[in-house]
Amino acid sequence: MSSAASDPVFADRRLNDWLSSVGLGIEYSRAEANTLYFRDESDQEVAVLDHVCGFGSLIFGHNNPDITEHAKSVLDQQIPVHAQLSRQSHANKIATVLNAIVRREVPGGDSGYAAIFANSGAEAVEICVKHAELERRARIVKLTDDIARHIEEAREAVGAGRATVVENPYVPVGPGRDDREKLEELIAEIGRRNAELVARGPVHLALENAFHGKLVASVQLTQNPHWRLPFTALSSSTRFLHPDRPEEMKAAVEELRENLLDIVVDDGAVNVVEREFPAIGAFFVEPVQGANGMRPLSEVSAREIRAVCDAIGCPLIVDEIHSGMGRTGAFLASSHMGLRGDYYTLAKSIGGGIVKNAVALFRQDRFRPEFEVMHSSTFAKDGLSASIALKVLEMLEADDGRAYRVAAERGSRLKEMLGSVRSDFPEVVDTVAGLGLMVALEFTDQTRASCEVLREKAGAGMLGYVVAGYILREHRIRVLPVGPVGNSVRFEPSIHLTDADIARTESALRDVCTILRDQDGHRLLP
Ligand code: F0G
C-alpha cells in the first residue's frame, strides 16, 4: 500500500527525515544476491550494489533462491511452525550440526555444547547474561553454605570451651567478655557484610567499543555511551577493557575483586578469613569488533582473555553474532585466533536472510539443565526458522566448506582493493581492517579539515553518513558507516561478490578519497 505525503506518520517519522537529510532515505522494492533495487521517479528499476547486506546477516545474499525454495517447500508441507512445549527434534538437529562444526574448529570443548534458541542477537546475548548469573549464583550458594557450616562449627567449639575469639578487625575482643557473646557479635558483623555483597549484581567484562546488542542487559555491554548511559540503572554494569592492552587486563580484574568473610577454628582460635567472591559475571568478547571498525582481536589478547576467565572462573562468552556463520572464512571467527569460548552466540546469517533466529551455546559441563525450563520464548525454536537454519548450515558445509573458502578469498580480494586505495590516498585513509567478508575502511580524522563542510560533518560524527549518501547517489552503491566516531565505512557483502562489484566499489572510493583529499566537501552534500 503506498502512502501519500499527507498521511499521518506513526512509524519512523524522525528516522526517515534524518535518512533523507543524508541521502539515505530510499525505499527499496526488490532484492537479490548483493543487489537492492528501487524505483526512480520515472518508475525505472535502479540497481544498487549492497555492501550492508542486512548488517552482515546475508552470507548467501538477499533472497537466495535455494533458501527461498526450501522455505516454500517447508511451508507447503504444513510443518508445525509452532508447537511449543512438545518434542521439537529440529532443535537437537541444529545443535548436533553446530556441535560438530564448533568442535572441529575449536578443539578442546570435549563435553559438547548445549543450545538455547532465541529470536535475535541481543536476545541470545541476554540468555548468556542470565545463564552466567545462574552459574555465579550457584557458586555464591556453595560459598555461603560453607560459611554457614563453619559458623556452626565455631559455635560448637566455643560452646564447648575448645576455642576462643582472637584479635580481629571486626569486633573488639577485650577481656571480661564472654566468648560466646563475642562470637555472636562477630557472626552478626560478618553476616551484615556478606549479605551486602551477596545481594549485589555482577560486574561484566567487555572490550572497549564493544557491541553486543541494545536490550536491557546487552546495551550495558555495548560501549557507545549514547545508547548505554541512559539505561545504566536498569542492569549490571560493565568494565570495558582495552582490546589491545592485554597486559592491563589482570590488574583491572584485580580491582574488581571482592571477598566474603568466613570463620575458621584453628588450633583453639576463631579466626576470620577471606574467601574470594564471584564479583564478575562473565567476559563478553567479539572476535572481530564490528563497532570498532571491524578490528579482529589479536592472538595475544585472546590468550590473555582466556587466562583471565580461567583464573577467576567466569564464563568466556564469544559473541559470534556478527563474525560467525562463515563470514570470516571459518564458521567461527574466534577459531582464527585459537580462542575457545565457554558460551557462543550466533544470529544474523542463521536466519538465511528471510527469518529471525539466534542461538546461544553453552559448554555442557557448565550448562545448568534447569535453564531449559527457566528460559523460554514463544517464537524461539519455531519449525520454519529451524528448518532454514539447517539449510543454511548445510549450504555452509557443502563441498567440504566451499562457502568458507569463497568468503575468505572474496574477503581478501576486497581488502586488497581497500588497501590499494589506502596506499594511494594515505592522507585521507587511515586504516583498512577486518577479516574475510567483514571489513572496513577508516578515513582520517577530518575534524580539523580546512574545508568547513568536512570539518562540521566530522565534528558531528556525520562524515560516514554523508559519504554513504554520496556513494549511493553517485555510484549506486550502498555502504554505511561504522566505528567509534563513524569515520569508517563497512563492507560485509555476501559470498556472491564479483570482481566487477569490487572494481565498481574501488572507483566509488577513489572518487570519495579525491573529494576528501581536495577538501571539496560540498560535493558530498545532497
Ligand atoms: N552482537 C553483535 C556482535 C552484533 O554485531 C549485534 C548486532 C548484536 C550482538 C545484536 O544483534 O541486532 O540481532 O539484536 N549488530 C548489528 C550491526 C546491529 O550493526 O552489525 P541484534
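Above: the structure in question.
Below or above, wherever it landed, is the structure these notes cover. Within each chain, residues carry numbers counting from 1 in the order of the written sequence. Only residues with pLDDT of at least 70 are given local features in this predicted model, and only at 80 or more are side-chain atom pairs given and counted; all residues enter the totals for whole chains, interfaces and linings. By convention in this description, side-chain values take in all heavy atoms of the structure and omit both hydrogens and water.

## Regarding helix H14 (residues 499-517)
Stated precisely, the cut-off is as follows: Segments assigned H or I by DSSP are reported as helices when at least four residues long, segments assigned E as strands when at least two residues long, and all are numbered from the N terminus. Here, expected helix span is obtained from the residue count minus one, scaled by 1.5 Å. For each residue, the accessible area found with a 1.4 Å probe, counting protein chains only, is set against the maximum for its type, and the residue is called buried under 20%, exposed over 50%, and partly exposed in between.
Between the first and last C-alpha of H14 there are 26 Å, a value that for 19 residues agrees with the 27 Å anticipated at 1.5 Å per step. Buried within H14 are the following residues: Asp501, Ile502, Thr505, Ala508, Leu509, Asp511, Val512, Cys513, Ile515 and Leu516. Of the residues one or two after H14, glutamine 519 is the one with positive phi, at around 55 degrees.

## Some thoughts on the environment of alanine 115
Tracing the chain through its elements places alanine 115 in strand S4 (residues 113-118). On the accessibility criterion, alanine 115 (22% relative accessible area) is partly exposed. When the C-alpha atoms of alanine 115 and valine 439 are compared, they prove to be 29 Å apart, with 324 residues separating the residues in sequence.

## Things to note about the site of the ligand
What counts is decided by this rule: Put simply, a residue is near a molecule or strand once any heavy atom of it comes within 4 Å of that molecule or strand. Polar contacts, as used here, are pairs of N or O atoms within 3.5 Å; protein pairs need one atom able to donate a hydrogen and one able to accept it. Residues neighboring in sequence count only if both atoms are side-chain atoms. What sets the accessible areas is the Shrake-Rupley method with a 1.4 Å probe; for residues, cover comes only from the shown protein chains. Note that Gly is not counted as nonpolar here; it falls among the polar residues with everything else outside the nonpolar set of Ala, Val, Leu, Ile, Met, Phe, Trp, Tyr, Cys and Pro and the charged set of Asp, Glu, Lys and Arg.
Taken together, the neighbourhood of the ligand is formed by 13 residues, with Gly121, Ala122, Asp319, Lys348 and Arg490 sitting nearest. In the environment of the ligand, a nitrogen atom lies 2.7 Å from a nitrogen or oxygen atom belonging to the side chain of aspartate 319. Here the ligand, which alone exposes 480 Å², has 80% of that area covered by the protein. Looking at the shell around the ligand, its residues break down into four nonpolar, five polar and four charged.

## What about the packing of aromatic side chains?
Selection criterion: A pair of aromatic rings is counted whenever rings of Phe, Tyr or Trp (Trp by its six-membered ring) have centres within 6.5 Å, and the orientation is called stacked for planes under 30 degrees apart, edge-to-face for over 60 and tilted otherwise. By definition here, charges over rings are those cases where NZ of Lys or CZ of Arg is within 6 Å of the ring centre and within 35 degrees of the ring normal.
Enumeration according to the criterion identifies seven aromatic pairs in this entry. Where phenylalanine 211 meets tryptophan 227, the ring centres are 5.7 Å apart and the plane angle is 85 degrees; that geometry is what we call edge-to-face. Taken as a pair, phenylalanine 211 in the loop between strand S6 (203-207) and helix H7 (225-228) and tryptophan 227 in helix H7 lie far apart in primary sequence, 16 residues in all. A residue is classified by how much of its surface remains accessible, and tryptophan 227, at 33% relative accessible area, is partly exposed. Each ring, one from tyrosine 343 and one from phenylalanine 362, has its centre 4.6 Å from the other, and the planes form 65 degrees; the classification is edge-to-face. Here the residue tyrosine 343 occupies a position in strand S14 (residues 343-346), and phenylalanine 362 occupies one in strand S15 (residues 358-363), the gap between them amounting to 19 residues. Classification of tyrosine 343 as buried rests on a relative accessible area of 0%. Three or more aromatic residues joined by ring pairs form one cluster here, namely Tyr343, Phe362, Phe367 and Phe371. It is arginine 30 that lies over the ring of tyrosine 37; its NZ or CZ is 4.1 Å from the centre. Directly above the aromatic system of tryptophan 227 lies the positively charged group of lysine 214, at a separation of 3.9 Å from the ring centroid.

## Regarding the side chain of arginine 228
Put simply, the rule reads: Any two residues whose heavy atoms approach within 4.5 Å at even a single point are treated as in contact.
In this fold, arginine 228 is placed in helix H7. Not counting residues within four places of it along the chain, the set of residues in contact with arginine 228 comprises Val219, Gln220, Thr222, Gln223 and Phe240.

## Notes on the pairing of S4
Defined as follows: In short, DSSP must find at least two bridges between two strands for them to pair.
Burial within S4 is extensive, with five of its six residues counted as buried. Note that S4 and S15 share six bridges and pair antiparallel. Within the sheet, the bridge partner assigned to phenylalanine 117 lies in S15 and is valine 359.

## A look at the nonpolar core
To keep it simple, the criterion reads: Take the buried residues of types Ala, Val, Leu, Ile, Met, Phe, Trp, Tyr and Cys, join any two whose side-chain atoms come within 4.5 Å, and each joined set is a nonpolar core. Domain start and stop positions are those given by an automatic or database domain assignment.
Grouped together as the largest cluster of nonpolar side chains are 101 residues, with contacts concentrated most on Phe60, Phe283, Phe331, Ile471 and Phe491. Residue-level mapping places this core at the junction of two domains, with at least three residues from each of domain 1 (13-63 + 401-524) and domain 2 (89-381). Ignoring any residue separated from it by four or fewer positions in sequence, one finds phenylalanine 331 in contact with Leu98, Ile101, Glu105, Ser323, Gly324, Met325, Gly326, Leu346, Leu393, Leu396 and Tyr404. If you look at the next biggest cluster of nonpolar residues, it comprises 24 residues, including Val165, Val173, Ile187 and Val198.

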